[in-house]
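# A structural walkthrough
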Amino acid sequence: MAMRIDILTLFPEMFDPVLSTSIVGRAAQAGAVEIHLTNIRDFTRDNYRKVDDAPFGGGPGMVMMCQPVFDAVEGVQAQAPERGTVVLLSPQGRRLDQPLVEELAELERLILVAGRYEGFDDRIRQSLADMEVSLGDFVLSGGEIPAMAVVEAVVRLLPGAVGEPDSIKEESFSMGLLEYPQYTRPREFRGMEVPDVLVSGDHGRIDAWRIEQAQQRTRSRRPDLWQEYVKNSQSPRPEDADGDGPGETP
Ligand code: 4GX
């Protein structure tokens, strides 16, 4: 069954290029994913189609109102039998990383809510959302670009989305290391040569070189990932050979 992704936004047209291009487009063509765009403004009930209002207590900026967002989410929930997991895009959310992408890719339905203005009325976050996801510690003008990032990262993991499943498994983050250096023709460009080992035809040496390079890069550029990698690749210590913690378990 194809995964269903709903995107709720005030700017659905922003998504057209992403949805029709490259992997996401191909995955939709192939039936691996079904993506539905909903304009939150279509759920307003006043003549001005108003989606935002001034904050209680005063202060700058505008707040996204409950009613259109609740109605939009409930409206798309009702469009399919399976309940969708409701994800708000906001800098207060869990940082998007590959383990989170893998979790989201397991879902049958995902509902992404991209807001504009200074924020959602907090009742949206309290009682409508299942989760908040952040693209990173920086401020954008809306959740659309983070929603696109989620869609791209999730869709390429769906069965039938990418040509070669091997290329997914081999990738940097699945091993917890950054990628090793890659080269393609020509062997020499502006005096810069491709490392000899890569044209040696010796696949044992090539694999060893790549692992070494990936480790070196990760250690120097991403000490946080390196620490995690070292921790995960450590074999159980001799005094705990059975891996069940200190002492003997009968
Ligand atoms: N990673 N932004 C969210 C605030 C907002 C407006 C309306 C709810 C409703 C961002 C990020 C991000 C800007 C999206 C502020 N929230 N989202 N918006 N970084 O910066 O995800």
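Data block above holds the structure.
Attention in this report is confined to the structure presented alongside it. What you are looking at is a predicted structure, and each value in this text was computed from that prediction instead of being measured.

Before going further, it helps to spend a moment on the sheet that holds strand E7 (residues 131-134). Neighbouring strands of a sheet are bound in pairs by backbone hydrogen bonds; such pairs are parallel or else antiparallel. With parallel pairing, the five strands of this open sheet are ordered in space as E2-E1-E6-E5-E7. If you trace the sheet from one side to the other, it starts and ends with strand E2 (33-39) and E7, each paired once. Put simply, the sheet's adjacent strands are angled 30 degrees from each other on average, direction ignored. Sheet topology note: the strand E5 (residues 85-95)/E7 ladder contains five bridges and is parallel.

Okay, the site of the ligand next. The full set close to the ligand counts 18 residues, and Arg 116, Phe 120, Leu 135, Phe 138 and Leu 140 are the nearest of them. In this structure, an oxygen atom belonging to the ligand sits 3.4 Å away from a main-chain N or O atom of Ser 90. Leu 135 has a polar backbone atom sitting 2.9 Å from a nitrogen atom of the ligand. Burial of the ligand by the surrounding chains reaches 96%, relative to a free accessible area of 460 Å². Contributing elements (two or more residues each) for the shell around the ligand: E5 and E7. Sorting elements by how many residues they give to the shell around the ligand places E5 first, with three residues. Of the residues contributing to the shell around the ligand, the split by class is ten nonpolar, seven polar and one charged.

Another aspect to go through is the environment of Pro 146. Looking at where Pro 146 falls in the secondary structure, it is placed in helix H6 (residues 144-155). The exposure class of Pro 146 is buried, given its relative accessible area of 7%. For the pair Pro 146 and Ser 134, spaced twelve residues apart in sequence, the C-alpha separation works out to 7.1 Å.

Time to look at the environment of Glu 74. As for its placement among the helices and strands, Glu 74 is situated in helix H3 (residues 66-77). Overall, the relative accessible area of 45% leaves Glu 74 in the partly exposed class. On a C-alpha basis, the gap between Glu 74 and Leu 128 in space is 9.1 Å, while along the polypeptide they are 54 residues apart.

What follows is about the side chain of Gln 77. You can see Gln 77 is positioned in helix H3. Among the residues examined, Gln 77 registers a relative accessible area of 16% and is labelled buried. Of note is the side chain of Gln 77, whose polar atom sits 2.7 Å from the backbone nitrogen of Gly 84. Setting aside anything within four residues of it in sequence, one finds Gln 77 in contact with Glu 82, Arg 83, Gly 84, Val 86, Arg 109 and Ile 111.

The rules behind each value
- Residues numbered from 1 in each chain as written.
- Predicted model: local features only at pLDDT ≥ 70, side-chain atom pairs only at ≥ 80, totals over all residues.
- Heavy atoms only, no water.
- Pairing = 2+ DSSP bridges.
- Helix = DSSP H or I, 4+ residues; strand = E, 2+ residues; numbered from the N terminus.
- Axes fitted to C-alpha atoms, helices over the stretch in contact; angles between N-to-C directions.
- Near = heavy atom within 4 Å.
- Polar contact = N/O pair within 3.5 Å; in protein donor to acceptor, adjacent residues only side chain to side chain.
- Areas by Shrake-Rupley, 256 points an atom, 1.4 Å probe, with all protein chains shown as cover.
- Nonpolar A, V, L, I, M, F, W, Y, C, P; charged D, E, K, R; others polar.
- Buried < 20%, exposed > 50% of the residue type's maximum accessible area, 1.4 Å probe, protein only.
- Contact = heavy atoms within 4.5 Å.

By themselves, these observations are geometric and do not establish any function.
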